[in-house]
Amino acid sequence: MVDINTIIAGNIFVLLKKQNKKQTDLADALGTTKQTVNKMLNGTRMINAAELKSIADYLGVKMEELTRISAVQTDTDVVHVFMGKVQSEQAKQALEIADELSDMILFHKKVRENGNAVMTAWEDN
(Lines give C-alpha, C1' and ligand atoms only; values in the text may rest on other atoms or scores of the structure.)
Protein backbone atom coordinates (compact mmCIF):
# COMPACT_ATOMS: atom_id res chain seq x y z
CA MET A 1 0.00 0.00 0.00
CA VAL A 2 1.33 3.41 -0.95
CA ASP A 3 0.59 6.30 1.39
CA ILE A 4 -0.35 9.84 0.35
CA ASN A 5 3.02 11.28 1.48
CA THR A 6 4.81 8.94 -0.93
CA ILE A 7 2.43 9.95 -3.72
CA ILE A 8 2.95 13.67 -3.04
CA ALA A 9 6.73 13.23 -2.86
CA GLY A 10 6.71 11.31 -6.14
CA ASN A 11 4.62 14.00 -7.83
CA ILE A 12 6.99 16.70 -6.57
CA PHE A 13 10.02 14.75 -7.83
CA VAL A 14 8.44 14.41 -11.29
CA LEU A 15 7.65 18.13 -11.48
CA LEU A 16 11.11 19.15 -10.24
CA LYS A 17 12.68 16.95 -12.91
CA LYS A 18 10.36 18.24 -15.67
CA GLN A 19 11.19 21.82 -14.73
CA ASN A 20 14.91 21.05 -14.35
CA LYS A 21 14.87 22.24 -10.73
CA LYS A 22 16.70 20.79 -7.75
CA GLN A 23 15.76 20.19 -4.13
CA THR A 24 18.04 23.07 -3.15
CA ASP A 25 15.99 25.38 -5.40
CA LEU A 26 12.82 24.22 -3.68
CA ALA A 27 14.42 24.67 -0.25
CA ASP A 28 15.38 28.25 -1.12
CA ALA A 29 11.84 28.97 -2.36
CA LEU A 30 10.38 27.58 0.88
CA GLY A 31 12.91 29.38 3.05
CA THR A 32 14.18 26.14 4.54
CA THR A 33 17.15 23.81 4.23
CA LYS A 34 17.84 21.11 1.66
CA GLN A 35 17.83 18.60 4.52
CA THR A 36 14.27 19.55 5.45
CA VAL A 37 13.11 19.24 1.85
CA ASN A 38 14.90 15.90 1.58
CA LYS A 39 13.08 14.67 4.70
CA MET A 40 9.77 15.82 3.21
CA LEU A 41 10.45 13.97 -0.02
CA ASN A 42 11.73 10.74 1.54
CA GLY A 43 8.83 10.44 3.98
CA THR A 44 10.53 11.13 7.31
CA ARG A 45 8.78 14.50 7.62
CA MET A 46 5.18 15.26 6.74
CA ILE A 47 4.42 18.14 4.38
CA ASN A 48 1.85 20.43 5.95
CA ALA A 49 -0.87 22.24 3.99
CA ALA A 50 0.94 25.60 3.98
CA GLU A 51 4.12 23.97 2.65
CA LEU A 52 2.13 22.08 0.05
CA LYS A 53 0.59 25.36 -1.15
CA SER A 54 4.02 27.00 -1.28
CA ILE A 55 5.43 24.07 -3.24
CA ALA A 56 2.51 24.20 -5.68
CA ASP A 57 3.04 27.94 -6.16
CA TYR A 58 6.78 27.46 -6.70
CA LEU A 59 6.18 24.74 -9.29
CA GLY A 60 3.36 26.70 -10.93
CA VAL A 61 0.74 23.99 -10.43
CA LYS A 62 -2.44 23.52 -8.44
CA MET A 63 -2.27 21.64 -5.14
CA GLU A 64 -4.50 18.97 -6.70
CA GLU A 65 -1.69 18.10 -9.12
CA LEU A 66 0.63 17.39 -6.19
CA THR A 67 -1.93 15.13 -4.50
CA ARG A 68 -3.13 13.33 -7.65
CA ILE A 69 -3.07 9.56 -7.44
CA SER A 70 -2.05 7.90 -10.66
CA ALA A 71 -4.64 5.61 -12.22
CA VAL A 72 -1.92 2.99 -12.70
CA GLN A 73 -0.66 3.06 -9.12
CA THR A 74 1.17 -0.20 -8.56
CA ASP A 75 1.91 -1.81 -5.24
CA THR A 76 5.68 -1.93 -4.80
CA ASP A 77 5.56 -3.71 -1.44
CA VAL A 78 7.18 -7.09 -2.07
CA VAL A 79 5.17 -8.83 0.65
CA HIS A 80 1.85 -7.58 -0.77
CA VAL A 81 2.79 -8.57 -4.31
CA PHE A 82 3.97 -12.00 -3.19
CA MET A 83 0.86 -12.46 -1.03
CA GLY A 84 -1.28 -12.37 -4.18
CA LYS A 85 0.68 -15.32 -5.57
CA VAL A 86 0.50 -17.76 -2.65
CA GLN A 87 -2.23 -20.37 -2.64
CA SER A 88 -2.67 -21.67 0.90
CA GLU A 89 -4.43 -19.76 3.63
CA GLN A 90 -1.67 -20.72 6.05
CA ALA A 91 0.98 -19.12 3.80
CA LYS A 92 -1.12 -15.95 3.47
CA GLN A 93 -1.44 -15.72 7.26
CA ALA A 94 2.31 -16.18 7.67
CA LEU A 95 2.97 -13.41 5.16
CA GLU A 96 0.53 -11.11 6.97
CA ILE A 97 2.36 -11.73 10.24
CA ALA A 98 5.71 -11.06 8.55
CA ASP A 99 4.31 -7.83 7.07
CA GLU A 100 3.05 -6.66 10.47
CA LEU A 101 6.39 -7.48 12.09
CA SER A 102 8.33 -5.56 9.45
CA ASP A 103 6.03 -2.54 9.93
CA MET A 104 6.64 -2.69 13.70
CA ILE A 105 10.40 -2.93 13.22
CA LEU A 106 10.43 0.07 10.87
CA PHE A 107 8.20 2.06 13.23
CA HIS A 108 10.46 1.39 16.21
CA LYS A 109 13.53 2.23 14.15
CA LYS A 110 12.04 5.65 13.28
CA VAL A 111 11.03 6.22 16.91
CA ARG A 112 14.59 5.45 18.02
CA GLU A 113 16.07 7.75 15.34
CA ASN A 114 13.70 10.57 16.31
CA GLY A 115 14.49 10.03 20.02
CA ASN A 116 18.21 10.19 19.31
CA ALA A 117 17.73 13.37 17.27
CA VAL A 118 15.76 14.99 20.10
CA MET A 119 18.37 13.99 22.66
CA THR A 120 21.15 15.39 20.48
CA ALA A 121 19.28 18.66 20.14
CA TRP A 122 18.94 18.86 23.95
CA GLU A 123 22.57 17.99 24.53
CA ASP A 124 23.70 20.71 22.11
CA ASN A 125 21.87 23.40 24.11
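Residues numbered from 1 in each chain as written. Predicted model: local features only at pLDDT ≥ 70, side-chain atom pairs only at ≥ 80, totals over all residues. Heavy atoms only, no water.

### Topic: the overall build of the protein
When you go through the protein residue by residue, the secondary structure sums to seven helices and zero strands. Helices and strands in the protein line up, N terminus first, as α-α-α-α-α-α-α. For the protein, with 125 residues in total, the buried portion stands at 22%. A fraction of 52% describes how many contacts in the protein between residues 6 or more apart in sequence connect residues 24 or more apart. (Helix = DSSP H or I, 4+ residues; strand = E, 2+ residues; numbered from the N terminus. Buried < 20%, exposed > 50% of the residue type's maximum accessible area, 1.4 Å probe, protein only. Contact = heavy atoms within 4.5 Å.)

### Observations regarding the side chain of Asn-11
As for its position among the elements, Asn-11 is in helix α1 (residues 4-18). In contact with Asn-11, not counting residues within four places along its chain, are Glu-65, Leu-66, Thr-67 and Arg-68.

### Considerations on the pattern of salt bridges
Summed over the entire model, instances satisfying the criterion amount to three salt bridges. Between Lys-53 and Asp-57 there is a salt bridge, and its shortest N-O distance comes to 2.8 Å. Highlighted residues: Lys-53 and Asp-57, both in helix α4 (residues 49-59), separated by four residues, approximately one helical turn. (Salt bridge = Lys/Arg side-chain N within 4 Å of Asp/Glu carboxyl O.)

### Some points on helix α3 (residues 34-42)
Thr-36, Val-37, Met-40 and Leu-41 are the residues of α3 that are buried. Considered in projection along α3, the buried side chains sweep an arc of 130° and stay on one side of the axis. For α3, the secondary structure elements touched by its buried residues are α1, α2 (23-30) and α4. In the segment just after α3, Gly-43 is the residue with positive phi, at about 90°. (Arc of directions from axis to C-beta.)

### Focus on the packing of aromatic side chains
Under the definition given, this model contains zero aromatic pairs. Lys-21 extends its terminal NZ or CZ atom over the ring of Tyr-58, reaching a point 4.3 Å from the ring centre. (Phe/Tyr/Trp six-rings, centres within 6.5 Å; stacked < 30°, edge-to-face > 60°. Lys NZ or Arg CZ within 6 Å of the ring centre and 35° of its normal.)

### Considerations on the side chain of Gln-23
In this structure, Gln-23 sits in helix α2. Its relative accessible area of 16% is what places Gln-23 among the buried residues. In terms of polar contacts, Gln-23 uses its side chain to reach the side chain of Asn-38, at 3.5 Å. Apart from residues lying up to four places away in sequence, Gln-23 is in contact with Phe-13, Lys-34, Val-37, Asn-38 and Leu-41. (Polar contact = N/O pair within 3.5 Å; in protein donor to acceptor, adjacent residues only side chain to side chain.)

### Quick look at unusual backbone geometry
The residue Asn-20 is not glycine, and still its phi comes out positive at about 55°. Relative to the elements of secondary structure, Asn-20 occurs in the loop between α1 and α2.

### Some points on the packing of α2 against α4
Here α2 crosses α4 at 120°, and the two axes come no closer than 10 Å. You can see that α2 and α4 cross each other, and the crossing is right-handed. Only Glu-51, Ser-54, Ile-55 and Tyr-58 of α4 make contact with α2, whose side of the interface consists of Asp-25, Leu-26, Ala-29 and Leu-30. Of the residues assigned to the contact of α2 with α4, the class counts are five nonpolar, one polar and two charged. (Axes fitted to C-alpha atoms, helices over the stretch in contact; angles between N-to-C directions. Left-handed = near helix turned anticlockwise from the far one by under 90°. Nonpolar A, V, L, I, M, F, W, Y, C, P; charged D, E, K, R; others polar.)

### A short note on the nonpolar core
In terms of nonpolar packing, the biggest core is built from 17 residues, with Ile-12, Ile-47, Ile-55, Leu-59 and Leu-66 touching the most fellow members. Those elements giving two or more residues to this core turn out to be α1, α2, α3 and α4. Considering each element in turn, this core owes the most residues, five residues, to α1. In this structure, Leu-66 is in contact with Ile-7, Ile-8, Asn-11, Ile-12, Leu-15, Leu-52, Ile-55, Ala-56, Leu-59 and Val-61, ignoring residues within four places of it in sequence. (Core = buried A, V, L, I, M, F, W, Y, C linked by side-chain atoms within 4.5 Å.)

So yeah, pure geometry; function would need other evidence.
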